[in-house]
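Each chain is listed here by its residues.
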Amino acid sequence: MDCYTANWNPLGEDTFYRKFELYTMGWNLKEELRDCMVAAAPYGGPIALLKNHTRREKSPGARPLLEIYSASGLLLASIPWKSGQLVQLGWTAGEDLLCIQEDGTVLIYNLFCEFKRHFSMGNEVLQNHVLEAKVFHSEFGTGVAILTGSHRFSLATNIEDLKLRRMPEVPGASPRCSPAPAQPGGRGADAAARRSAAAAVLLGCAVPGQGRHRAAGGGTGPLPPGQHLLLHGDPPWDEPLGWCLPADGRVLQPPVPGALHRHRLHLDGAGVTQGEALRVPLQHPLAPQADGLVHAAPEPAARGGGGLGAAAAGGGELQRVHPDSHLVPELDGVRLLSRSSHEFLQEIPEASQEIFRIASMAPGALLLEAQKEYEKESQKADEYLREIKDQKLLPEAVSQCIEAAGHEHEPDTQKALLRAASFGKCFLDKFPPESFVRMCQDLRVLNAIRDYQIGIPLTFTQYKRLTIEVLLDRLVLRRLYPLAIRMCEYLRLSEIQGVSRILAHWACYKVQQKDKSDEEVAQAINHKLGDTPGISYSEIAARAYDCGRTELAIKLLEYEPRSGEQVPLLLKMKRSKLALSKAIESGDTDLVYTVVLHLKNELNRGTFFMTLQNQPVALSLYRQFCKHQERATLKDLYNQDDSHQELGSFHVHASYSEKRIEGRVGALQNALDEFYKAKNEFAAKATEEQVKLLRLQRHLQEDLDRPYLDLSLHDTVSNLILDGHHKRAEQLYREFKIPDKRYWWLKISALANRGDWEEMERFSKSKKSPIGYLPFVEIAVKHHNRYEAKKYAPRVPPEQRVRAFVLVGDLDQAADAAIEHKNEAEMSFVLSKCSASTDAAVAEKLNRARAQLLKK
C-alpha cells in the first residue's frame with residue numbers, strides 16, 4: 001500500500017495508466033510468440049496457439065500443433081492440425097474456437113479441441129483463397145471478415161445465422177495501387193494491401209457506430225476525449241504527413257497498421273478549435289517492426305478492439321513492451337501476453353485515482369487514512385473522520401472506498417478498502433448496506449475465478465458487463481462444476497437458474513465418460529440429481545444417445561417423470577415398442593397416436609398389426625383413427641382378427657358410399673354374409689330386408705318415375721300414399737309385415753297431408769281401427785278441418801270422447817260426456833276451456849253437476 005502508485009504512468013495531465021501482472025505463465029513455451037499463431041478470447045478467456053504453422057514439411061513430426069491454454073498458461077487441450085492451411089484463429093462470444101483456412105472453410109472447436117461443425121465462406125473465397133481474415137464481435141453476434149486474393153471482402157456478421165455478404169471494393173486496396181517498399185520479411189505490395197484491407201474491415205465493420213471510410217481504405221471513428229490508442233509493430237507505410245487527428249475527439253484510422261508511425265496518438269483536443277485538425281509529430285519514431293494499434297481506453301472505444309497488434313503508452317511517450325508480446329483488447333484495458341507473463345494494462349479508475357493519488361484530500365482517501373490510524377490507536381483517526389463529517393462527505397467516502405475495492409486486483413488492497421468502508425459505515429445512520437454486501441460477494445467471486453488453477457482474470461467492469469449467468473456458463477464450459485455450484489449457493493441464485501442448470505450440464509458430461517458401465521453412470525446421475533427442480537432427464541438421455549450409449553439413455557429415461565419427454569426420444573432411438581408402452585401408461589391418447597403412426601411408417605404391415613394385437617388400448621385407438629381416416633386399413637384389421645360382426649358393420653357403412661345401386665346391394669350382401677358368420681340373426685335379418693327394400697325402390701323408381709331410392713320403409717309407404725298408389729303401399733305393408741298400428745298412422749297422416757278426406761273416411765270404415773278414432777280427430781284438427789274431425793268424434797271411445805269434443809270445439813257435448821261419466825277431472829278440464837261470455841250456460845251446467853257430485 002505504501003508504494004501503490006509506483007506503477008502509475010501519467011498520460012497527459014489527468015490520466016494515469018498502470019500495468020500489473022496477472023499470472024506467471026505456466027505454459028513453458030519453447031517457441032517465440034511471434035512464430036505462433038495466437039488468438040486470445042476477450043473477458044479473460046482462453047488462449048489458442050498454433051505452433052509450427054509456417055512449416056511446409058509433410059512429415060508427421062512437423063505438423064502444426066493446436067493448443068488451448070487458460071489465461072494462466074495451463075494446458076486445456078491440444079491436437080495435431082491435420083486439416084488445411086490456417087490463415088487466422090479467433091474466438092466466438094461463446095468461447096468456441098474458429099479456425100479459418102486458406103480455402104475459406106471455417107472449422108469450429110470447443111475449449112477442449114473437440115470438433116463441433118464447419119461452414120464455408122462461399123465459392124468466390126474458395127476460388128481466390130484467403131489473404132487475410134478477422135473474427136469480430138458486434139450486436140449481431142460473432143462475425144468473420146475475409147479478404148480474398150482478388151482483393152474483395154466477404155463478410156458474415158453472424159456465424160450462427162450465416163448470410164454471406166460481398167462488400168464493395170476498397171479503393172486503393174487493388175493490385176493497381178502503388179506498392180509499398182519491400183519489408184525485411186520479404187512481403188511486398190500484396191502483403192501491404194492485404195493488411196490495409198484487414199484494417200479497414202476490422203476498424204470499419206466491427207465497431208458499431210463507425211463513421212465514413214477514406215478513399216484509401218481508412219476511415220473515421222468515434223473516440224471520446226481522453227481516450228488513447230496504443231501502437232505496436234508493423235511495416236512502415238509511406239503515407240504523407242497530411243494524416244491528422246480531428247480535434248473533436250475522433251480518430252483518423254490508418255489504411256495500414258503502422259501508418260501513423262509519424263504521429264503521436266494522444267487525443268485530448270485541448271486548445272484546438274472545433275473542426276480544426278490537430279497534427280502532433282511523434283517524439284519517438286516507431287520501430288520498423290510495428291504491428292498495429294489497439295484501443296486501451298474506457299469502454300466505448302474498447303468495443304472496437306479487434307486490434308492488429310499491441311502496445312502501451314505512458315508519460316506522453318511510447319512505453320516499451322517486450323517485442324515478443326501479444327496484446328488482447330479488453331473492455332477496460334489491454335492484456336499483454338508474453339512467454340513468461342500475463343499482464344494487464346488499464347487506465348486507472350477514477351475512484352482509485354481519487355483515493356491513492358499522492359497528497360489526495362478526497363473523502364475516500366481521508367477515510368482510508370482514518371481507518372489505518374484507528375488500527376494504530378492514533379487520535380489522528382478522529383481528526384480525519386471529523387474533517388470528512390464536517391464537509392458532509394462521509395457517504396461519498398464510503399461509496400468511493402467500495403467502488404475502488406472492486407477495481408483492485410490484489411486481495412490485500414481490496415480488504416483495506418472494504419475495512420475503510422465498513423469503518424465509515426459505523427458513523428452513518430441510514431447508509432444502505434446493499435452496495436457493500438454486493439461488492440463483498442462480487443469480489444469473492446472474482447478472486448475465486450482469478451485463481452491460477454481457474455485462470456479467468458476478469459476485472460470488475462468486465463464482470464458486470466458479462467453478468468453472473470454468462471460467467472457460470474463459462475465455468476460449465478471449462479467443466480468446473482463444483483466451483484460453479486458453490487458460486488450459485490453463495491449468491492443464492494434460484495435452483496432453476498443456478499444449481500439445477502449446472503447439474504444438468506454435469507450429467508451431460510458424465511454420460512460421455514466411457515470408463516464406467518451404463519448402470520453405474522445412471523445410478524450416479526440419479527443419486528446426484530434426484531428430483532431437483534428444473535432437471536430434465538430426457539435431455540441428459542438425449543446426450544447419452546448422441547454419444548452412442550443407447551442403453552444408458554434408456555436407463556436415464558426411467559427417471560424421467562414426464563411421458564411426453566420419454567416417448568419422442570425412445571422413438572428417435574428406434575425403441576418403438578417401449579415407447580408405445582410408455583405412451584399407453586401415460587393415458588395420453590395424443591401420445592399413443594403419435595407412437596402408433598410412427599410404428600405404421602416404420603414397420604411392415606403384418607408386423608405392425610401383430611404389434612398392435614399385443615396392445616389392446618393402442619389397437620382400439622388405431623381402429624378409431626381408421627374409421628375416420630383410413631377405411632381400407634380398418635377392413636384389413638377386421639379381416640386379420642376374424643371380426644365378422646365388425647366386418648359386417650364395415651360393409652353396411654361402405655354401402656352408403658356406393659353411388660350405383662348394384663354396388664350398394666353387393667356391399668350389403670357381403671355384410672349379410674358376415675352377420676350370418678357372426679351369428680347375429682337380428683343384424684342379418686335387417687340387412688336382408690334392406691336389400692329387398694332397395695330392389696323394390698329401384699323398381700318403383702323405374703315404374704313410377706319418382707325418387708324412391710335411399711328412402712326408409714316408412715317414407716316409401718308415405719310417399720306412395722301421397723302419390724295415390726294405395727295398392728303398392730298395401731303391397732309393402734304386407735311384404736315387410738309393417739305392424740297395423742304403424743301402417744294406420746302412416747296412412748291417415750299421408751291422406752291428411754294430401755287432403756284426401758274422402759279416402760280417409762273410407763279407410764276408417766274399412767275395418768275397425770287398431771289405433772282408435774281419436775288420431776283421426778287430432779290429425780283433422782291439426783290440418784284445420786274441424787268439419788271432418790266432427791265426423792269421427794262420436795266414434796271415439798267413451799274414455800276419450802271428452803277430449804275429442806273439446807278438440808272439435810263442441811263444449812256442450814264435451815260437458816254432457818263428462819257429466820255422464822261423473823268424472824270431476826273431465827268436468828274441470830271442460831270448465832277450463834269455457835269462456836265467460838259465450839259458454840256461460842255450459843259452465844253453469846258443469847258447476848251444478850260438480851256440486852251434486854260433491855254432495856254424494
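Residues numbered from 1 in each chain as written. Predicted model: local features only at pLDDT ≥ 70, side-chain atom pairs only at ≥ 80, totals over all residues. Heavy atoms only, no water.

Caption draft 1: Just the overall build of the protein, in detail. A count of helices and strands for the protein gives 35 helices and 25 strands. With 856 residues in all, the protein has 48% of them scored as buried. With an accessible surface of roughly 42,300 Å², the protein has 49% of that area assigned to carbon and sulfur atoms. (Helix = DSSP H or I, 4+ residues; strand = E, 2+ residues; numbered from the N terminus. Buried < 20%, exposed > 50% of the residue type's maximum accessible area, 1.4 Å probe, protein only. Areas by Shrake-Rupley, 256 points an atom, 1.4 Å probe, with all protein chains shown as cover.)

Caption draft 2: Representation of unusual backbone geometry. Positive phi, normally seen in glycine, also occurs at K392, with a value near 55°. Here K392 lies in the loop between α6 (380–390) and α7 (394–407). Unlike most non-glycine residues, H784 shows phi in positive territory, near 60°. For H784, a relative accessible area of 76% corresponds to the exposed category.

Caption draft 3: Spotlight on the sheet that holds strand β9 (residues 105–109). In spatial order, the strands read β7-β8-β9-β10; together these 4 strands make up an open sheet with antiparallel pairing. The open sheet terminates on both sides in strands that have one partner only, identified here as β7 (86–91) and β10 (115–120). Averaged over all pairs of adjacent strands, the angle between their axes in this sheet comes to 20°, without regard to strand direction. Here β9 runs beside β10; their pairing, made up of 5 bridges, is antiparallel. Paired with V106 across the strands is F119, a residue of β10. (Pairing = 2+ DSSP bridges. Axes fitted to C-alpha atoms, helices over the stretch in contact; angles between N-to-C directions.)

Caption draft 4: Region of the structure containing the layout of surface pockets. Of the voids in this model, the second largest pocket is the one considered here, and its volume is about 580 Å³. As for the second largest pocket, its lining consists of 24 residues, and the residues nearest its centre are V476, L477, H505, Q512 and R543. Of all the secondary structure elements, the ones that give two or more residues to the lining of the second largest pocket are α11 (468–477), α13 (499–510) and α15 (537–546). Here the element with the most residues in the lining of the second largest pocket is α13; it accounts for 6 residues. Grouping the constituent residues of the lining of the second largest pocket by class yields 10 nonpolar, 6 polar and 8 charged. (1 Å grid on protein atoms, 1.4 Å probe; cavity = no way out; pocket = protein on both sides within 12 Å on 5 of 7 lines; lining within 4 Å. Points joined across faces, edges and corners; volume = space filled by probe spheres on them. Nonpolar A, V, L, I, M, F, W, Y, C, P; charged D, E, K, R; others polar.)

Caption draft 5: Up close: the pairing of strand β11 (residues 130–138). Two strands pair when backbone bridges link them, and β11 and strand β12 (residues 141–148) are joined in this way by 8 bridges, in the antiparallel orientation. Bridge pairing in β12 links A133 to I146. Between the end of β11 and the start of β12, which pair antiparallel, lie 2 residues.

Caption draft 6: Seen up close, the pattern of salt bridges. Counting across every chain of the model gives 38 salt bridges. The shortest N-O distance in the salt bridge between E761 and K765 comes to 3.2 Å. In this pair, E761 and K765 are both assigned in helix α29 (residues 757–766), 4 residues apart and thus about one turn of the helix distant. Across the pair D816 and K845 runs a salt bridge whose closest N-O atoms are separated by 2.8 Å. Here D816, found in helix α33 (residues 811–821), pairs with K845, found in helix α35 (residues 840–855); they are 29 residues apart in sequence, far enough to count as distant. (Salt bridge = Lys/Arg side-chain N within 4 Å of Asp/Glu carboxyl O.)

Caption draft 7: Layout of the environment of R786. Relative to the elements of secondary structure, R786 occurs in helix α31 (residues 786–792). Using a relative accessible area of 47% as the deciding quantity, one classes R786 as partly exposed. When the C-alpha atoms of R786 and L807 are compared, they prove to be 8.4 Å apart, with 21 residues separating the residues in sequence. Contact partners of R786, with chain neighbours within four places excluded, come to L807, V808 and G809. (Contact = heavy atoms within 4.5 Å.)

Caption draft 8: Expanded view of the nonpolar core. With 97 residues, the main nonpolar core has L367 and I525 as its most contacted residues. Those residues in contact with L367, other than ones at most four positions away along the chain, are L385, I388, L394, A397, V398, C401, A420, A421, F423 and G424. Ranked by size, the runner-up nonpolar core spans 53 residues in total, among them F763, I771, V806 and V830. (Core = buried A, V, L, I, M, F, W, Y, C linked by side-chain atoms within 4.5 Å.)

Caption draft 9: Layout of the sheet that holds strand β6 (residues 75–80). In spatial order, the strands read β3-β4-β5-β6; together these 4 strands make up an open sheet with antiparallel pairing. Every other strand in the sheet has two partners, leaving β3 (37–40) and β6 as the edge strands with one partner each. Adjacent strand axes in the sheet meet at a mean angle of 15°, parallel and antiparallel pairs treated alike. In this structure, strand β5 (residues 65–69) lies alongside β6, joined through 5 bridges in antiparallel fashion. Opposite L66, over in β6, you have I79 as the bridge partner.

Caption draft 10: A look at the side chain of K582. Note on placement: K582 falls in helix α18 (residues 576–586). Judged by its relative accessible area of 13%, K582 is buried. Beyond its immediate sequence surroundings of up to four residues, K582 is in contact with E558, S563, Q566, V567 and L570.

Caption draft 11: Fine view of the packing of aromatic side chains. One pass over the full model with this rule turns up 17 aromatic pairs. Look at Y537 and Y559: their rings are 5.7 Å apart centre to centre, the planes differ by 45°, and that puts the pair in the tilted class. Remark: Y559 occurs in the loop between α16 (550–557) and α17 (563–572) and Y537 occurs in helix α15; sequence separation between them is 22 residues. Among the aromatic residues, those joined into a ring-pair cluster are W744, F763, Y773, F776 and Y792. Here the guanidinium or amino end of K425 rests over the ring plane of F436, the centre of that ring lying 4.9 Å away. Between R444 and the ring centre of Y490, over which it is positioned, the NZ or CZ distance is 4.7 Å. (Phe/Tyr/Trp six-rings, centres within 6.5 Å; stacked < 30°, edge-to-face > 60°. Lys NZ or Arg CZ within 6 Å of the ring centre and 35° of its normal.)

Caption draft 12: The packing of helix α5 (residues 363–375) against helix α8 (residues 411–425), seen in detail. Interhelical geometry of α5 versus α8 gives an angle of 90° and a closest axis separation of 9 Å. By the angle between their axes, α5 is roughly perpendicular relative to α8. When α5 is examined against α8, the residues L367, L368, A370, Q371, Y374 and E375 are found in contact with a partner set consisting of A416, L417, R419, A420, A421, F423 and G424. The residue makeup of the contact of α5 with α8, split by class, is 9 nonpolar, 2 polar and 2 charged. (Parallel < 35°, antiparallel > 145°, perpendicular 65-115°, else oblique.)

Caption draft 13: View of α6. Within the sequence span of α6, burial applies to A381, L385 and I388. Along α6, the residues classed as buried sweep out an arc of 60° about the axis, all on the same side. Of the exposed residues in α6, the ones pointing more than 90 degrees away from its buried face are R386 and D390. Among the structural elements, α5, α7 and α8 are those in contact with the buried residues of α6. Positive backbone phi, approximately 55°, marks K392, located one or two places after α6. (Arc of directions from axis to C-beta.)

Caption draft 14: Representation of α7 in the model. With 14 residues, α7 extends 20 Å from end C-alpha to end C-alpha; this agrees with the ideal 20 Å at 1.5 Å per step. Burial within α7 is extensive, with 10 of its 14 residues counted as buried. Among the residues of α7, those classed as buried are L394, A397, V398, Q400, C401, I402, A404, A405, G406 and H407. (Expected span 1.5 Å × (residues − 1).)

Caption draft 15: Summary view of the confidence of the model for the protein. Overall, the prediction assigns the protein a mean pLDDT of 77, with 80% of residues at 70 or greater. The secondary-structure element of the protein with the lowest mean pLDDT is strand β17 (residues 245–246), recorded at 33, while helix α9 (residues 434–449) shows the highest, at 95. Ignoring residues within four places in sequence, the model shows residues 297–318, a span with pLDDT below 50, making 79 contacts including any to other chains. (pLDDT = per-residue confidence, 0-100.)

Caption draft 16: Quick peek at the environment of G498. By secondary structure assignment, the location of G498 is in the loop between α12 (481–491) and α13. Placed 14 residues apart in sequence, G498 and A484 show a C-alpha to C-alpha distance of 8.4 Å.

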